[in-house]
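# Survey of secondary and tertiary structure
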Amino acid sequence: SPKAFTAAIGLRAAAADADGAIALLGELEAAHGQPDLRAFNAALRACALASDAAAAKALLARVAEAGLRADSFSYAAAIRSCGSD
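Report follows, based on the coordinates. Quick caveat, the model's predicted, so the values are computed rather than measured. Each chain has its residues counted from 1, following the order in which its sequence is written. Only residues with pLDDT of 70 or above have their local features reported here, since the model is predicted, and side-chain atom pairs are shown and tallied only from 80 upward, although totals for entire chains, interfaces and linings are computed over all residues. Values shown for side chains rest on all heavy atoms present in the structure; no hydrogens or waters enter the calculation.

Two cysteine sulfur atoms make up a disulfide if the distance between them is within 2.5 Å. By the definition in use, this model includes zero disulfides. Considering cysteine sulfurs only, Cys-82 is the nearest to Cys-47, which forms no disulfide, with 11 Å between them. For each residue, the accessible area found with a 1.4 Å probe, counting protein chains only, is set against the maximum for its type, and the residue is called buried under 20%, exposed over 50%, and partly exposed in between. Overall, the relative accessible area of 0% leaves Cys-47 in the buried class.

What follows is the structure, encoded as structure tokens:
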């Protein structure tokens, strides 16, 4: 189910596994159609924890292409993906 995929993406996020989260997002899309914003945000959280700004930028573009509106969590995760010194 989409909820199970979103939960699995969240687990990949908790492990800071952006690649794994994005792969699961693709599997969700293949199995159930367009992911919802919760699934995208879970993947964005993975990008934030992995400091993967390029992946976060690509995900934000996918959100827009899907006709979804990124929210404050989406943008905050994308900003956090840029890391800090």
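So much for the structure itself; the text now carries on.
Another point: helix α5 (residues 72-80). For helices the rule is a DSSP run of H or I covering at least 4 residues; for strands it is a run of E covering at least 2, with both sets numbered from the N terminus onward. When α5 is considered as a whole, its buried residues turn out to be Ser-74, Ala-77 and Ala-78. Down the axis of α5, the buried side of the element spans an arc of 100°, and every buried residue falls inside it. Those residues of α5 that are exposed and aimed more than 90 degrees away from the buried face are Ser-72 and Ile-79. The contact criterion used is simple: two residues touch if any of their non-hydrogen atoms lie within 4.5 Å. Summarising the contacts, the buried residues of α5 are in contact with α3 (37-50) and α4 (53-65). For this quantity, the arc is that covered by the directions from the helix axis to the C-beta atoms.

Fitting a line to C-alpha atoms yields each axis, with helices limited to the stretch in contact; the angle taken between N-to-C directions then spans 0 to 180 degrees. Orientation of helix α1 (residues 2-14) relative to helix α2 (residues 18-32), taken along the N-to-C sense of each, is 170°, at an axis distance of 8 Å. Looking at the two axes, α1 sits roughly antiparallel to α2. Along its contact with α1, which presents Pro-2, Phe-5, Thr-6, Ala-8, Ile-9 and Arg-12, the element α2 presents Gly-20, Ala-21, Leu-24, Leu-25, Glu-27, Leu-28, Ala-31 and His-32. Orientation labels follow simple angle bins: below 35 degrees gives roughly parallel, above 145 gives roughly antiparallel, 65 to 115 gives roughly perpendicular, and whatever is left gives oblique.

Quick look at the packing of aromatic side chains now. A ring pair, where both rings are aromatic, is described by two values, the distance of the centres and the angle of the planes. Ring pairs are drawn from Phe, Tyr and Trp, using the six-membered ring of Trp, whenever the two centres fall within 6.5 Å, and their geometry is named by plane angle: stacked under 30 degrees, edge-to-face over 60, tilted for the rest. Enumeration over the complete set of coordinates arrives at zero aromatic pairs. Cation placement over rings: the criterion is NZ of Lys or CZ of Arg within 6 Å of the ring centroid and within 35° of the ring normal. In this structure, Arg-80 packs its charged tip against the face of Phe-73, placed 5.9 Å from the ring centre.

Moving on, we get to the pattern of salt bridges. Salt bridges are defined as contacts in which a side-chain nitrogen from Lys or Arg sits within 4 Å of a carboxyl oxygen from Asp or Glu. Per the counting criterion, the structure on display carries two salt bridges. The partner of Arg-12 in a salt bridge is Asp-17, with the nearest N and O atoms 2.8 Å apart. Using a relative accessible area of 31% as the deciding quantity, one classes Arg-12 as partly exposed. Put simply, Arg-62 and Glu-29 hold a salt bridge, and the shortest N to O gap is 3.2 Å. One end of the pair, Arg-62, is in helix α4; the other, Glu-29, is in helix α2, with 33 residues separating them in the sequence. By relative accessible area, which is 33% here, Glu-29 ends up partly exposed.

To continue, consider unusual backbone geometry. The backbone of Ala-16 sits at a positive phi, close to 55°, despite the residue not being glycine. You can see Ala-16 is positioned in the loop between α1 and α2. Here Ala-16 falls in the partly exposed class, since its relative accessible area comes to 32%.

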